[in-house]
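Chain and residue survey
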Amino acid sequence: MRSRRHGRTKEAPELDITAFLNLMVVLVPFLLVSAVFSRVTILELNMPTGAGGGAEDPGVTLEVVVRKTALEISDGEKVIARFPNLNLQDGAESGVEGAAEGEASGQAPVDENGLPVIAPTAEVYDLAQLREQLLRIKETYPDKTDSTLLMEPDVAYEHLVGVMDAVRSAQVMPKLEEGAQPDPDATPETLELFPDISLGDAP
């Protein structure tokens, strides 16, 4: 007689994941603690509008032209204020030409990584004079919130953002009532200037 082999169903062994779970319990808090959360700031911009303007347009055009040699405020037809580059305030044409020659020869200052060094906006443009002029315009046209920022191609992006911040708002001390004494503990308040900014190329 031939013996018959009775096939026995083999049960699959249970998978022991205790060690894996222990690893995850330690690894997840470590990753959360060491993670770097970056904050992204978004600037809201508008497309340039037509000459007609919107329904709430008070009838005046405000253009801030960012040139490499100066900042200009224009009403769309003529320049009403001009603030020279702080590094070129001597007005010597030789200084402007020398700067242009230095850039053309590739002798622009660079950092330890070989990247061009970009000076802070306040060291290149007179933002204080720009804010003062914009505050005067805001007092004359308090309902106006739109502005146009025109930029030359060679202007650094960091300088564009710095000028844009100056156009959007300004830090001013609170106004005192007539006969009131100034408060030594008073802090500057943020005054909205022209936050609805449109970008364009300088003429």
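Up top is the structure.
To start, this report covers the structure provided alongside it. (Residues numbered from 1 in each chain as written. Predicted model: local features only at pLDDT ≥ 70, side-chain atom pairs only at ≥ 80, totals over all residues. Heavy atoms only, no water.)

1. Here we look at the overall build of the chain
From N to C terminus, the chain includes five helices and seven strands. Across the 203 residues that make up the chain, the buried fraction comes to 23%. Considering only contacts in the chain between residues 6 or more positions apart, those separated by 24 or more positions represent 68%. Total accessible area on the chain is roughly 15700 Å²; 54% of this is exposed by carbon and sulfur atoms. (Helix = DSSP H or I, 4+ residues; strand = E, 2+ residues; numbered from the N terminus. Buried < 20%, exposed > 50% of the residue type's maximum accessible area, 1.4 Å probe, protein only. Contact = heavy atoms within 4.5 Å. Areas by Shrake-Rupley, 256 points an atom, 1.4 Å probe, with all protein chains shown as cover.)

2. Observations concerning the side chain of Glu-72
Looking at the element boundaries, Glu-72 is found in strand E2 (residues 70-74). Polar side-chain contacts of Glu-72 include one of 3.2 Å to the side chain of Arg-82. What Glu-72 contacts, discounting residues up to four positions off in sequence, is Glu-63, Val-64, Val-65, Arg-67, Val-79, Ala-81 and Arg-82. (Polar contact = N/O pair within 3.5 Å; in protein donor to acceptor, adjacent residues only side chain to side chain.)

3. Points about a nonpolar patch on the surface
Taken together, Leu-15, Ile-17, Phe-20, Leu-21, Leu-23, Met-24, Leu-27, Val-28, Phe-30, Leu-31 and Leu-32 make up a surface patch of nonpolar side chains, about 1100 Å² in accessible area. Residue position: Met-24 is located in helix H1 (residues 18-34). By relative accessible area, Met-24 is classed as partly exposed at 31%. (Patch = residues over 30% accessible without salt bridge, like charges linked within 9 Å, V, L, I, M, F, W, Y side chains within 5 Å. Salt bridge = Lys/Arg side-chain N within 4 Å of Asp/Glu carboxyl O.)

4. Topic: the side chain of Ser-147
On the secondary structure map, Ser-147 appears in strand E4 (residues 146-151). By relative accessible area, Ser-147 is classed as buried at 2%. Ignoring sequence-local partners within four residues, the contact set of Ser-147 consists of Leu-62, Val-167, Phe-194, Asp-196, Ile-197 and Ser-198.

5. Remarks on helix H4 (residues 127-140)
Because each turn of an α-helix spans 3.6 residues, side chains separated by three or four positions end up pointing in the same direction. Its 14 residues place the ends of H4 20 Å apart at the C-alpha level, agreeing with the 20 Å of an ideal helix rising 1.5 Å per residue. Burial in H4 covers these residues: Leu-127, Leu-130, Gln-133, Leu-134, Ile-137 and Lys-138. In a view along the axis of H4, the buried residues occupy a sector of 145°, so they form one face of it. Opposite the packed face of H4, turned more than 90 degrees from it, sit the exposed residues Ala-128, Glu-139 and Thr-140. Next to the buried residues of H4 lie strand E1 (63-66), E2, strand E3 (79-84), helix H3 (121-124), helix H5 (157-168) and strand E6 (189-192). (Expected span 1.5 Å × (residues − 1). Arc of directions from axis to C-beta.)

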